[in-house]
Amino acid sequence: MPELLIRNGYVFDPLNGIEGERMDIAVKDGKIVESVGRKARVLDASGMTVMPGGVDIHSHIAGSKANCARMMRPEDHSKDPEPKTRHTRSGVGHTIPSVFTTGYRYARMGYTTVFEPATPPLKARHTHEELNDIPIIDKGCFPLFGNNWFVMEYVKQGRIKELAAYVAWMLEATKGYAIKIVNPGGIEAWRWGGNLRHLDDTVPNFDVTPREIVRALCQVNKILDLPHAVHIHPNGLSEPGNYQTTLDTMECARDFRREGRTTMHVTHAQFTGRKGWSWPDVRSGAPEIADYVNAHDHVSIDPGQLIFTNVTWMTADGPAMFALYKLAKTKWFNADVEAETGAGIVSATYKKSNYVNAMQWGIALELALLVKDPWKVYLTTDHPNGGPFTSYPRVISWLVSNQARQRLLDKINKTAKRRLNLPGIDREYSLYEIATITRAATAKSLGLVSKGHLGSGADADIAIYDIEPKKIDPVKEYKAVRKAFAHAAYTIKDGRTVVKKGEVVRSVQGRTFWTKPKVSDDIMKTMIADLEAKFDDYYTVRMANYPIEERYLTASQMITTNAGV
Amino acid sequence: MADLLITPVKHFKIPITAECISPDFVAGKSLREIELTQVWEGNRRVKLGSLFKIAGEIGRTPSDCTIRIRGNMSAVRRIGYEMSGGSIQVDGDAGMYLGERTKGGTITVAGNAGSWLGTQMRGGHIEVKGNTGDSIGGSVRGGTKGMRGGMIRIHGDCGTEAGAWMQNGMIRIGGNCDLYAGMHMKNGTVVVERDCQGRVGAQMTGGKVIVLGNAGGLLPSFQFEEIRERSKADDEKIAGPFYVFSGDVNEGGKGQFFARVSDNPDLKWNERYLER
């Protein structure tokens, strides 16, 4: 692989504290190095912004849910066809792009690493089949544990060590990366037509509470020393007044502190940050959540920014989706209840004139702006729930420019505008902070040591945007910022140029990250004995056929950790 | 009125997507510009001029333009896409998505037309002398918004789901109609002058379906209302008498389904409800 020298760009590398310095970046063998030889190919980035490749922590891009949504929404395909080019395959889809298109569109925005955040363990094979095919970007997936029968049984019996061994076995079996919890216990209730809205409700038939599940899995996360925090989607999603449950969830596992890392990541907090008693009475719970995050180090959030467009709601939270379907009156799909989790898919359109939609938009921006430390809040739209991931540049323009926000504020529902705190918030993100929330902080939170920075030894995943920080005023020229972030001038993946002037010029294979925690043999044996005793009763597949072989992954990247049991 | 003449230079084996064959696109352009317009032939981009012989005059505004097409266009899709005025005359067959999202103007087809004729159209007039395919005046697959206005007149037969998700406007079918006429209909009128295969008005929430021939039975989710002497389609009065049903009850719908008494002896059993 030829050497590469990116010359004279304005470099933003928050993990190494570099803020807009003009410097050269040297690349050799897919890694960033101190210097390269004279024969290195030179890429002139003068007048451009150089950042590490984007890292998305939460985007539903693959798996059985995404595929069900594709089947359910042919009208979404007709809206946004993408013809094939010399280097890319054709594809379709606005909110749920087809597999190959997903990779191309991320690469065009300068993103090089994306994590699929909700994989039903039984259907992980499907997720990996899609992840294998998504070109260019590196990826990984988070298996769901919050409603797993084995987990709930161990929690009830208080056998944390065996639970840790089970989680370790599952992560290896599903080639998963981190623990994901969706509506802990609530989906088990959904199998009986119910839901759990608060942290101390009881899960039917298991006699445990969501609080116990969250605490146990946070403890397991600490024992296994997993790279990422526990990724949590709390109970009571999208219901008015749910911000208190979110705060309780954040507080409940505070004692499982991890040195230099967060204990939990509360995702798409906009959907779980609502005050009020009923829909017409929804208020913003963002100040309370932001205050909590500002005051504590064990938790991080992402807002799940809403975009006023047509979207697909897609989450493992079946009961919440059914409730939303009854409001949206469009069409819905219930999936995965036969696996260790559930899923709901609904098509919907967010309208500026709708009070609740306008509040959601405002709550998400308030969360992003009120959390003072950009290392604790990450940019997401919870693709495709808040909006497609292709809207990230638009969200960036709202974050860097109060003027851009005010312009939209004038167009949204008047009551919502009056009740939001957003008009009074004049914080504006700098490009350095944008680099933090889109790549550095997410890579750090995911525990990816070779991603999200441009220090020597990092993977040569680099995004170059055509904006000159010295000449441009993002506050006024937010449209130029948006345009630049939508079409990267160059995206470099593992030292190869994959995007040039916003067009894909090469398609490469990205890696799939997964975690293998090493648990002591004794505990593992006990757990396997438990598992074997019940597996045939609980599952439709044999235990020997359940794990996914490593060779099933086209480009596997294992991360090992040493568990404390 | 300026006439633009378009003639296929060969028999098309591969589908062609040509949104540009529309008065709105050609208005004010030169012949050369139109010939150089890129269209999809299968998965290849080709110039319109390589597929069609283009001659004649071009009007300055859409309403000044008349496009005459001579030849078999059954493989050509999206003719008249989003047109707002003027007229298109096809002397032969037309392909799928003819007049999609049309806002105004007239389209006349001497032969048959494909499926999704007048999908999501908002206004204008489409007339087909022959038969058509499925989902005329409907929505795209999976969508919930059909035709919003205008008139579709079919002289021959048509396929399934005529007027699916229709929101307004009028569809008049001179021949027979396959299953599911007026499916998911919200408003507007569908008139079928001859027979229907059945399941008329499935899941309709509003609007009116009038069947002058045999309706092919009745869905169990429709409720018998009365026998009416005549029915009305826009301003035209259609002589009956008709059985009038309302539904679809499953959807809480207030749609109306008219079936002519003389051609629907299988619906005679409903008359016993009149005695009470």
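None of these values were measured; they are calculated from a predicted model.

Here is what the cut-offs are and how they apply
- Residues numbered from 1 in each chain as written.
- Chains lettered and ligands numbered in written order.
- Predicted model: local features only at pLDDT ≥ 70, side-chain atom pairs only at ≥ 80, totals over all residues.
- Helix = DSSP H or I, 4+ residues; strand = E, 2+ residues; numbered from the N terminus.
- Rg over C-alpha atoms; globule rule 2.2 N^0.38 Å.
- Buried ≥ 20, exposed ≤ 12 C-beta atoms within 10 Å, placed from the backbone.
- Contact = placed C-beta atoms within 7 Å.
- Axes fitted to C-alpha atoms, helices over the stretch in contact; angles between N-to-C directions.
- Parallel < 35°, antiparallel > 145°, perpendicular 65-115°, else oblique.
- Nonpolar A, V, L, I, M, F, W, Y, C, P; charged D, E, K, R; others polar.
- Core = buried A, V, L, I, M, F, W, Y, C linked by C-beta atoms within 7 Å.
- pLDDT = per-residue confidence, 0-100.
- Pairing = 2+ DSSP bridges.
- Expected span 1.5 Å × (residues − 1).

K.L.:
Can you tell me about the overall build of chain B, naming the residues and giving the values?
P.N.:
When you go through chain B residue by residue, the secondary structure sums to three helices and 17 strands. Its C-alpha atoms give chain B a radius of gyration of 20 Å, within 12% of the compact-globule value 19 Å for 276 residues. Projected onto its principal axes, the C-alpha positions of chain B cover 75 × 35 × 30 Å. Counting over 276 residues, chain B shows a buried share of 49%. Partitioning the intrachain contacts of chain B with sequence separation of at least 6 by distance along the chain shows that 39% fall at a separation of at least 24.

K.L.:
I'd like a rundown of the packing of helix α6 (residues 160-174) of chain A against helix α8 (residues 210-224) of chain A, residues and numbers included.
P.N.:
Residues and elements named next belong to chain A. At a minimum axis distance of 9 Å, the contact between α6 and α8 shows a crossing angle of 70 degrees. Here α6 is positioned roughly perpendicular relative to α8, judged by the angle of their axes. From α6, I160, L163, A164, V167 and A168 reach across to α8, where they touch A216, Q219, V220, I223 and L224. By residue class, the composition of the contact of α6 with α8 is nine nonpolar, one polar and no charged.

K.L.:
Can you break down the nonpolar core residue by residue, with the values?
P.N.:
Counting residues in each nonpolar core, the largest one holds 172 residues, and the members touching the most others are A:V50, A:A164, A:V167, A:L217, A:I345, A:L367 and A:I464. Per-element tally for this core: the top contributor is helix α12 (residues 355-370) of chain A, with 10 residues. Once residues lying within four places of it in the same chain are set aside, the contact partners of A:I464 are A:G9, A:A45, A:M48, A:V50, A:A488, A:A489 and A:Y490. Counting 73 residues, the second-largest nonpolar core is a separate cluster that includes B:A18, B:I88, B:V200 and B:V211.

K.L.:
Could you give an account of the confidence of the model for chain B, naming the residues involved and the relevant values?
P.N.:
When pLDDT is averaged along chain B, the result is 94; 99% of the residues meet or exceed 70. Reported confidences for the modelled complex are a pTM of 0.93 and an ipTM of 0.85.

K.L.:
Describe the sheet that holds strand β17 (residues 310-315) of chain A, with residues and values.
P.N.:
Residue and element names in this part refer to chain A. Across the sheet, which stays open at both edges, the three strands sit in the order β17-β19-β18 with antiparallel pairing between neighbours. The sheet is open, and its two edges are formed by β17 and β18 (332-335), each paired on a single side. Shown here is a sheet whose adjacent strand axes are inclined to one another by a mean of 15 degrees, direction ignored. Across the sheet, helix α11 (residues 318-328) is in contact with β17, β18 and β19 (343-349); its angle to β19 comes to roughly 30 degrees.

K.L.:
I'd love a proper account of unusual backbone geometry, names of residues and values included.
P.N.:
With an omega of -5 degrees, the peptide bond between A:H383 and A:P384 qualifies as cis. Within the secondary structure, A:P384 is located in the loop between α12 and α13 (392-400). For the peptide bond that leads from B:G240 to B:P241, omega is 0 degrees, which places it in the cis range. Assignment of secondary structure puts B:P241 in strand β16 (residues 236-247). One non-glycine residue, A:K175, lies in the positive phi region at around 55 degrees.

K.L.:
Explain the pairing of strand β10 (residues 138-143) of chain A residue by residue, including any values.
P.N.:
Walk down a regular strand and you will see the side chains alternate between the two sheet faces. All names here are of chain A. With six of six residues buried, β10 lies mostly within the body of the structure. Two elements, strand β9 (residues 111-119) and β10, share five bridges in a ladder whose sense is parallel. Bridged to F115 within β10 is G140. When β10 meets strand β24 (residues 512-518), the two strands line up parallel, connected through two bridges. When the bridges of β24 are listed, G140 appears paired with F513.

K.L.:
Give a detailed account of the interface of chain B and chain A, specifying residues and quantitative values.
P.N.:
The interface is formed by six residues belonging to chain B together with six residues belonging to chain A. Looking at the side of chain B that touches chain A residue by residue, the classes come out as one nonpolar, four polar and one charged.

K.L.:
Residue-level account of the packing of helix α5 (residues 149-157) of chain A against α8(A), with values.
P.N.:
Residues and elements named next belong to chain A. Relative to each other, α5 and α8 sit at 95 degrees, their axes nearing to 10 Å. Our classification of the angle between α5 and α8 gives roughly perpendicular. Residues V151, M152 and V155 of α5 form the contact with α8, whose participating residues are E212, I213 and A216. For the contact of α5 with α8, a count of residues per class yields five nonpolar, no polar and one charged.

K.L.:
Can you break down α6(A) residue by residue, with the values?
P.N.:
All names here are of chain A. Spanning 15 residues, α6 covers 21 Å between terminal C-alpha atoms, matching the ideal 21 Å at 1.5 Å per step. Within the sequence span of α6, burial applies to E162, L163, A164, A165, Y166, V167, A168, M170, L171 and T174. Of the residues one or two after α6, K175 is the one with positive phi, at around 55 degrees.

K.L.:
Tell me about the environment of A:L420, residues and numbers included.
P.N.:
Residue and element names in this part refer to chain A. Position of L420 among the secondary structure elements: in the loop between α15 (414-419) and α16 (431-446). On a C-alpha basis, the gap between L420 and E366 in space is 8.5 Å, while along the polypeptide they are 54 residues apart. The contact partners of L420, leaving out residues within four places of it in the chain, are S284, M359, G362 and E366.

K.L.:
Pulling in residues and values, what's your account of the environment of B:G59?
P.N.:
All names here are of chain B. Along the chain, G59 turns up in the loop between β5 (52-56) and β6 (65-70). Between the alpha carbons of G59 and F25 there is a distance of 11 Å; along the sequence they are 34 residues apart. In this view, G59 contacts A2, A27, D64, C65 and G86; residues no more than four positions away in its chain are not counted.

K.L.:
Pulling in residues and values, what's your account of the sheet that holds β24(A)?
P.N.:
Residue and element names in this part refer to chain A. The strand order across the open sheet formed by five strands is β6-β9-β10-β24-β25, and the pairing between neighbours is parallel. Among the strands making up the open sheet, the edge pair consists of β6 (54-56) and β25 (556-562). Put simply, the sheet's adjacent strands are angled 25 degrees from each other on average, direction ignored. Taken together, the three bridges between β6 and β9 define a ladder with parallel strand orientation. Paired with V55 across the bridge in β9 is T113. Helix α4 (residues 124-133) contacts β9, β10 and β24 of the sheet and is inclined by roughly 165 degrees relative to β10.

K.L.:
Outline the pairing of β6(B), listing residues and values.
P.N.:
All names here are of chain B. Taken together, the five bridges between strand β1 (residues 2-8) and β6 define a ladder with parallel strand orientation. Pairing of L4 across the sheet is with I67, part of β6. The pairing of β6 with strand β8 (residues 87-91) spans five bridges and is classified as parallel. Residue pairing for β8: R70 is matched across the bridge by D91.

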